[in-house]
Amino acid sequence: MRHLISPQDFSVEEIDELLALAGRIKADPKKYSHVCDGLKLATLFYEPSTRTRLSFETAMINLGGSIIGFSDAANSSVSKGETVADTIKIISIFADIIAIRHPKEGAALVASQNASVPVINAGDGGHQHPTQTLTDLNTIYSLKGRLGGLKVGFCGDLKFGRTVHSLINALVRYPDNEFVLISPDELRVPSYIKNEVLGNSGHKFTEVDKLEQVIGDLDILYMTRVQKERFFNEEDYIRLKDRFILDAEKMKIASPEMLVLHPLPRVNEIAVEVDSDPRAVYFKQVEFGVYARMALILMLLGLDKEV
Ligand code: CP
């Protein structure tokens, strides 16, 4: 039985296979519309979500399966004190596969250790968000045709941004990528990412605090929101939230080939005027996420060779 808790749980070859499968599904979705007939996905969301939960549910429905779960743990027996471990043992009786989002780092790992069906980490605190990474990789691969030889800028909240941590973890596994980390001092990437992930990878990386200094050199700009819910102190959030705003002026400096990705939701870090720029692909990214999650569900259920 396989789980997806961190992007490292899949080898590069498996990720490449998953992206190839996502591409085949996108090309002919009807072919896959009954592969999961009779199977159930449980979405257990202890933290708010729009894209990830609905993308998973859409993916399972597109495959012919059904969905159960909760989008607000307050309406479940979690509010009576039930642990993640016990909840997962119960849901394993009801469902064939589980996607869980939880505010605590490590909760998805605990879930996988107590499950008798595959568990997918749909985001654990400020730690990892591997299916957003599959979404991002699918977007980059589909639109750029490669996952190596890219100069990738990450901008915004790189400290709490789990999508950033997961994507860096994934992109260091491909050759010749270069990373530009654009954030204020207070929101720099955690030292374990800098030292163990980037430092040990041999890939070049730089830290800067001005987007306009570097935007002209990037192949990919990965924008992120300053996450109010991760701050202990509202004053710090207010001081930092408007530090990086991508607008049409800054897009003029960027290469015509640069792509702008964002895991969404956005607050104000990308001006709405940028949405109509063909390089802004953050809404297309959501669609690539559905195909990536369809491919993931099939792989974890061992049904990827069925069609
Ligand atoms: N990208 C992402 O995780 O969005 P949601 O929080 O809406 O799921």
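All values derive from a computational prediction rather than experimental measurement. (Residues numbered from 1 in each chain as written. Predicted model: local features only at pLDDT ≥ 70, side-chain atom pairs only at ≥ 80, totals over all residues. Heavy atoms only, no water.)

Novice: So what's going on with the pairing of strand β2 (residues 66–70)? Which residues, and what values?
Specialist: For a regular strand, side-chain orientation follows a simple rule: the groups alternate between the two sheet faces. Relative to β2, strand β1 (residues 40–45) runs parallel, the two being bridged by five bridges. Residue pairing across strands places Leu44 opposite Phe70, the latter belonging to β2. Note that the unit made of β1, helix α2 (residues 51–62) and β2 has a crossover that is right-handed. (Pairing = 2+ DSSP bridges. Helix = DSSP H or I, 4+ residues; strand = E, 2+ residues; numbered from the N terminus. Right-handed = clockwise from strand over helix to strand, strands pointing away.)

Novice: Outline the domain arrangement of the chain, supporting the account with residue identities and numerical values.
Specialist: By domain assignment, the chain separates into domain 1 (7–128 + 286–300) and domain 2 (131–285). Each of domain 1 and domain 2 has a C-alpha centre, and these two points are 24 Å apart. Sorting the residues of domain 1 by area buried against domain 2 places Leu19, Arg51 and Phe288 first, and these three jointly supply 27% of that buried surface. Here domain 1 is connected to domain 2 by one salt bridge. In this structure, Arg162 engages Glu47 in a salt bridge whose closest nitrogen and oxygen atoms are separated by 3.2 Å. Seen at the junction of domain 1 and domain 2, the total is 18 residue pairs in polar contact (both at pLDDT 80 or more). Mapped by element, the contributors of at least two residues to the side of domain 1 that touches domain 2 are α1 (12–27), α2, β3 (97–102), β4 (119–124) and α11 (282–300). (Domains from an automatic or database assignment. Buried area = accessible area lost by both parts, 1.4 Å probe. Salt bridge = Lys/Arg side-chain N within 4 Å of Asp/Glu carboxyl O. Polar contact = N/O pair within 3.5 Å; in protein donor to acceptor, adjacent residues only side chain to side chain.)

Novice: Now, about the side chain of Gln132: what can you tell me, with residues and values included?
Specialist: Along the chain, Gln132 falls in helix α5 (residues 130–144). Each residue touching Gln132, except ones within four places of it in the same chain, is listed here: Thr163, Tyr222, Pro263, Gln285 and Arg293. (Contact = heavy atoms within 4.5 Å.)

Novice: Describe the packing of aromatic side chains, with residues and values.
Specialist: Within the structure shown, the criterion is met by four aromatic pairs. An angle of 15° between the planes, with centres 6.4 Å apart, marks the rings of Phe154 and Phe179 as stacked. Linking Phe154 in strand β5 (residues 151–155) with Phe179 in strand β6 (residues 178–182), this pair joins segments that are 25 residues apart in sequence. Residue Phe179 is classed as buried on the basis of its relative accessible area, which comes to 0%. Considering the side-chain rings of Phe154 and Tyr222, the 5.5 Å spacing of their centres and the 55° angle between planes classify their relative orientation as tilted. Linking Phe154 in strand β5 with Tyr222 in strand β8 (residues 220–223), this pair joins segments that are 68 residues apart in sequence. According to the relative accessible area criterion, Phe154 is buried, its value standing at 0%. (Phe/Tyr/Trp six-rings, centres within 6.5 Å; stacked < 30°, edge-to-face > 60°. Buried < 20%, exposed > 50% of the residue type's maximum accessible area, 1.4 Å probe, protein only.)

Novice: Tell me about the packing of α5 against α11, and please be specific about residues and values.
Specialist: One can describe the packing of α5 onto α11 by two numbers: an axis separation of 8 Å at closest approach and a directional angle of 115°. In terms of orientation, α5 and α11 fall into the roughly perpendicular class. Relative to α11, the crossing made by α5 is right-handed. Taking contact as the criterion, the partners of Thr131, Gln132, Leu134, Thr135, Asp136, Asn138, Thr139, Ser142 and Leu143 in α5 are, on α11, Gln285, Phe288, Gly289, Tyr291, Ala292, Arg293 and Leu296. For the contact of α5 with α11, the residue count by class is six nonpolar, eight polar and two charged. (Axes fitted to C-alpha atoms, helices over the stretch in contact; angles between N-to-C directions. Parallel < 35°, antiparallel > 145°, perpendicular 65-115°, else oblique. Left-handed = near helix turned anticlockwise from the far one by under 90°. Nonpolar A, V, L, I, M, F, W, Y, C, P; charged D, E, K, R; others polar.)

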